[in-house]
Amino acid sequence: MGKIHIMDEFLSNKIAAGEVVERPASVVKELVENAIDAGSTSIEVLLEEAGLMSIQVIDNGSGMDEEDALVSFQRHATSKITNEHDLFRIRTLGFRGEALASIASVSKVTLATSNGDSGIEVVLEGGHVVNKRPGPLRKGTDITVAQLFYNTPARLKYMKTIQTELGHTIDLMNRLALCYPQIAFKLVHHDHELLKTNGRGDLRQVLAAIYGLANAKKMVHFEGETADYKVTGYATIPEITRASKNYVSIFVNGRWVRHYTVQKAIIDAYHTYLPIGRFPIAVLHIEGDPFLTDVNVHPSKQQIRLSKEGDLMKLIETSLHNAVRASMQAPEIMKKPKKQAAQTEQINFWKGLDYQKTAVEQFGDKPRPKELPHKNVAETILEAPQNPRYELNEPAEKGFSEPETWEQIRERENHNMPAEQVEQLEENTDWPEQEFSEASPIKEPFPMVEIVGQIHGTYIIAQSEDGFYLIDQHAAQERIKYEFFKDMVGEVNAGERQALLLPLTFHYSADESLKLVEHMDELTEVGVFLEEFGQHSFIVREHPVWFPKGMEQEIIEELIEQVLTVRKTDIKKLREAAAIMMSCKKSIKANHYLDKQQMERLLVDLKKCVNPFTCPHGRPVVVHFRTYEIEKMFKRVM
């Protein structure tokens, strides 16, 4: 007897289900696409336990009669194609005839459908019809998939959390709503409405429902056409960016697809407009002859092949680039008036950190003051008067001696201050002496050096007995601020919060909102105190006093993006990312000239760092040129 045999129908359907039915969102996709193909103008999706317990899809499409309803659950049963030539001109979302058979084989299905003349209700368990009876005459289809994977426990074992599975379904429904603005979609989970569109055909209204009204208002329309393709869509202006490419939605002839080359063309259209690692929110619709596309590539039908791909990429990039460029406006340059500091002014260790201004801009034509006001070390560096240029042969100021020690500076700062202020200052500014944990602590102490000058307003030159050093002033201050913020983020105290007069409001899509609610505790650990504020909106009423002034909203947005873009939130990594991010804000830039006293102050702080030799990004802070190597260059030693 031969070893090879034909599998029975139910076994083959279960195998096919492994390709088609990956998770609850896969079931929703197949059922909603069937509803769209049936000409529905209203589709409602009701979920329980993210779809693992129950998925119900109700539409007002064409419906089916009794014969079609029973045949539809057989494998390879379809109304979309009749011969091989139809494969090259597919205009519907479904055509394989595998979805319903695969879904029914791993769940309990109840189908109630009517074409307006007659109605039928069919009940299936594990792919077998267990009951059928006359159904309601309401035109359309109502299908319920219950206990998904009840007979395949191995598949059920590998399902993710309820929030994760629900997030996939929300993302899917968002894409379908963006693809079909003329259809009214509704997504409900445990009586909680997650998505609702009006079906009026206005894509901007759908964008506002998903991404928020503020973001929708900052999206520009673009379009272009060639002999083969027509592209239309909306994309955000460069001001609105995201840290993930997931906000780019691509639709080809009404089908949501994933296509790397098309995605790259969209991102390339923003060349020089977006920072590295930032991406736009974009919705792209591509229309073309079905003969130019091959959708029969993957069972999920999310991967396709495109003919004349090069011409299409050029069309997309050019059309979007022109629209974005036309929306660009020259920024207004104006000098902000100085404001009186309130009694409850935020404690700011980086006050006056505006190294872009020259000495004339900051002090006018007044002579440089001989003595600086008594402030903490960071403020002394940042608020010291700046020379437009520091010449290497400029003599030192009168009265200049060896750099003060940290103890001397602290004693001078605390002079004539009330006791309670001294105590507060000790708690908040004694950060150079804090202990910081490093994976590989630097054992070599920072050398005792003497400032000589500065090169190109970027590198500080210092000499010692064993040669000279070049210090990158930007990297040095990044390291100083990083170690301070790393300690601050590690323990956010209730007494170090600054209330906002006008709270900050943030808007996100439904799936993003679910993830933020799930990770609110982690965000609180790094100083982001989110509160739910209506549907898919959040509010921040206070923030830590040590957030860099003027950058509070940007920092909060970037920390939220960190949570949204990672699959698993690690509080340690989140704190690290927060410290690195804040250390970069308003640090001294290249091509900025410091006077000698500012350079001395910078090195005093750098010496107190646990690792003064690299910046948070791993770039070197200090480069040492030994005397012996210099003498070899000049042939003084052989």
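Residues numbered from 1 in each chain as written. Predicted model: local features only at pLDDT ≥ 70, side-chain atom pairs only at ≥ 80, totals over all residues. Heavy atoms only, no water.

## Observations concerning the overall build of the protein chain
In terms of regular secondary structure, the protein chain is built from 21 helices and 22 strands. Taking all 638 residues of the protein chain together, 47% fall into the buried category. Contacts in the protein chain between residues at least 24 apart in sequence constitute 71% of all its contacts with a sequence separation of at least 6. Approximately 33500 Å² of the protein chain is accessible, and the part contributed by carbon and sulfur atoms is 51%. (Helix = DSSP H or I, 4+ residues; strand = E, 2+ residues; numbered from the N terminus. Buried < 20%, exposed > 50% of the residue type's maximum accessible area, 1.4 Å probe, protein only. Contact = heavy atoms within 4.5 Å. Areas by Shrake-Rupley, 256 points an atom, 1.4 Å probe, with all protein chains shown as cover.)

## Some words on the nonpolar core
Formed by 93 residues in total, the largest nonpolar core has its most connected members in Val32, Phe185 and Leu530. No other element matches the 8 residues that helix H6 (residues 162–179) contributes to this core. With residues up to four places along the chain from it excluded, the contact list for Val32 reads Ile43, Val45, Val57, Met173, Leu176 and Phe185. (Core = buried A, V, L, I, M, F, W, Y, C linked by side-chain atoms within 4.5 Å.)

## Some details on the pattern of salt bridges
Summed over all chains, the structure comprises 15 salt bridges. One salt bridge connects Lys29 with Glu33, and the closest N-O pair in it is separated by 3.1 Å. You can see Lys29 and its partner Glu33 sitting in helix H2 (residues 24–37), 4 residues apart, about one turn around the helix. A relative accessible area of 6% places Glu33 in the buried class. Here Asp228 and Lys308 are joined by a salt bridge, their closest N and O atoms 3.1 Å apart. Highlighted residues: Asp228 in the loop between strand S9 (219–225) and strand S10 (229–236) and Lys308 in the loop between strand S15 (305–306) and helix H10 (309–327), separated in sequence by 80 residues. Exposure remark for Lys308: the relative accessible area of 44% places this residue in the partly exposed category. (Salt bridge = Lys/Arg side-chain N within 4 Å of Asp/Glu carboxyl O.)

## Quick look at the environment of Ile580
Mapped onto the secondary structure, Ile580 falls in helix H19 (residues 571–584). Its relative accessible area of 18% is what places Ile580 among the buried residues. Residues in contact with Ile580, not counting those within four places in the same chain, are Tyr482, Pro616 and His617.

## Quick look at the pairing of strand S17 (residues 459–464)
In this structure, strand S16 (residues 450–455) lies alongside S17, joined through 5 bridges in antiparallel fashion. Residue Glu450 lies in a different strand from S17, and its bridge partner there is Gln463. A loop of 3 residues connects S16 with S17, the two strands running antiparallel in sequence, and His456 in this loop sits at a positive phi of about 55°. With 6 bridges joining them, S17 and strand S18 (residues 467–472) adopt antiparallel strand pairing. (Pairing = 2+ DSSP bridges.)

## A look at the packing of helix H18 (residues 552–565) against H19
Where H18 meets H19, the closest approach of the two axes is 11 Å, and the angle between their N-to-C directions is 150°. In the crossing of H18 with H19, the sense of the turn from one axis to the other is right-handed. Together, Ile555, Glu558, Leu559, Gln562 and Val563 of H18 and Leu574, Ala577, Ala578, Met581 and Met582 of H19 make up the contact between the two elements. Residues that form the contact of H18 with H19 fall into these classes: 8 nonpolar, 1 polar and 1 charged. (Axes fitted to C-alpha atoms, helices over the stretch in contact; angles between N-to-C directions. Left-handed = near helix turned anticlockwise from the far one by under 90°. Nonpolar A, V, L, I, M, F, W, Y, C, P; charged D, E, K, R; others polar.)

## Considering the sheet that holds strand S2 (residues 54–59)
Taking strand neighbours across the sheet as the criterion, the 8 strands line up as S5-S4-S3-S6-S2-S1-S7-S8 in an open arrangement whose pairing is mixed. Of all strands in the sheet, those bounded by a partner on one side alone are strand S5 (128–134) and strand S8 (192–196). Neighbouring strand axes in the sheet, compared pairwise and without regard to direction, differ in orientation by 10° on average. Bridging between strand S3 (residues 108–114) and strand S4 (residues 119–125) involves 7 bridges; their strand directions are antiparallel. Among the inter-strand pairings, Thr113 is bridged to a residue of S4, identified as Ile120. Along the sheet, H2 makes contact with strand S1 (42–48), S2, strand S6 (140–146) and strand S7 (184–189), crossing S2 at roughly 15°.

## Observations concerning helix H16 (residues 510–518)
Within H16, the full set of buried residues consists of Ala510, Asp511, Glu512, Ser513 and Leu516. Contacts made by the buried residues of H16 are with H6, S8, helix H17 (520–525), strand S20 (530–532), strand S21 (537–544) and H18.

## Quick word on the packing of aromatic side chains
Enumeration over the complete set of coordinates arrives at 3 aromatic pairs. Between Phe468 and Phe625 the ring centres are 4.8 Å apart and the planes differ by 5°, which places this aromatic pair in the stacked class. Here the residue Phe468 occupies a position in strand S18, and Phe625 occupies one in strand S22 (residues 622–625), the gap between them amounting to 157 residues. Relative accessible area serves as the criterion here: at 26%, Phe468 is assigned to the partly exposed category. What makes Phe625 partly exposed here is its relative accessible area of 29%. Measuring from ring centre to ring centre gives 5.1 Å for Phe484 and Phe485, while their planes differ by 65°; the resulting arrangement is edge-to-face. The ring of Tyr247 has Arg242 sitting right over it, with the charged end atom 5.5 Å from the ring centre. Over the ring of Phe529 we find Arg497; its NZ or CZ atom is 3.9 Å from the centre of that ring. (Phe/Tyr/Trp six-rings, centres within 6.5 Å; stacked < 30°, edge-to-face > 60°. Lys NZ or Arg CZ within 6 Å of the ring centre and 35° of its normal.)

## Remarks on the environment of Leu203
Mapped onto the elements, Leu203 comes out in helix H7 (residues 203–211). In this structure the C-alpha to C-alpha distance between Leu203 and Cys179, which are 24 residues apart in sequence, comes to 8.5 Å. In contact with Leu203, other than residues within four places in its own chain, are Leu178, Pro181, Tyr234, Val283 and His285.

## Some thoughts on the packing of H2 against H6
In contact at an axis separation of 8 Å, H2 and H6 are set at 25° when each is read in the N-to-C sense. Compared by their axis directions, H2 and H6 come out roughly parallel. Crossing hand, H2 versus H6: right-handed. Contacts between H2 and H6 involve Pro24, Ala25, Val28, Lys29, Val32 and Ile36 from the former and Glu165, His168, Thr169, Leu172, Met173 and Leu176 from the latter. (Parallel < 35°, antiparallel > 145°, perpendicular 65-115°, else oblique.)

## Things to note about the confidence of the model for the protein chain
Per-residue confidence for the protein chain gives a mean pLDDT of 77, with 76% of residues at or over 70. Low confidence marks residues 329–443, where pLDDT is under 50. Its contacts with residues over four positions away, or in another chain, come to 170 contacts. (pLDDT = per-residue confidence, 0-100.)

## What to know about unusual backbone geometry
A positive phi angle is found at Glu49, which is not glycine, with a value near 55°. Here Glu49 shows up in the loop between S1 and S2. With relative accessibility at 34%, the residue Glu49 sits in the partly exposed group. A positive phi angle is found at Asn591, which is not glycine, with a value near 60°. One can find Asn591 in the loop between H19 and helix H20 (596–607). Since its relative accessible area comes to 61%, Asn591 is described here as exposed.

## Observations concerning the side chain of His285
Topologically, His285 is positioned in strand S13 (residues 282–288). His285 gets classed as buried once you look at its relative accessible area, which sits at 15%. Here Leu178 takes part through its backbone oxygen, which lies 3.2 Å from a polar atom of the side chain of His285. When residues no more than four places from it in sequence are discounted, the contact partners of His285 are Leu178, Cys179, Leu203, Lys230, Val231, Thr232 and Phe251. (Polar contact = N/O pair within 3.5 Å; in protein donor to acceptor, adjacent residues only side chain to side chain.)

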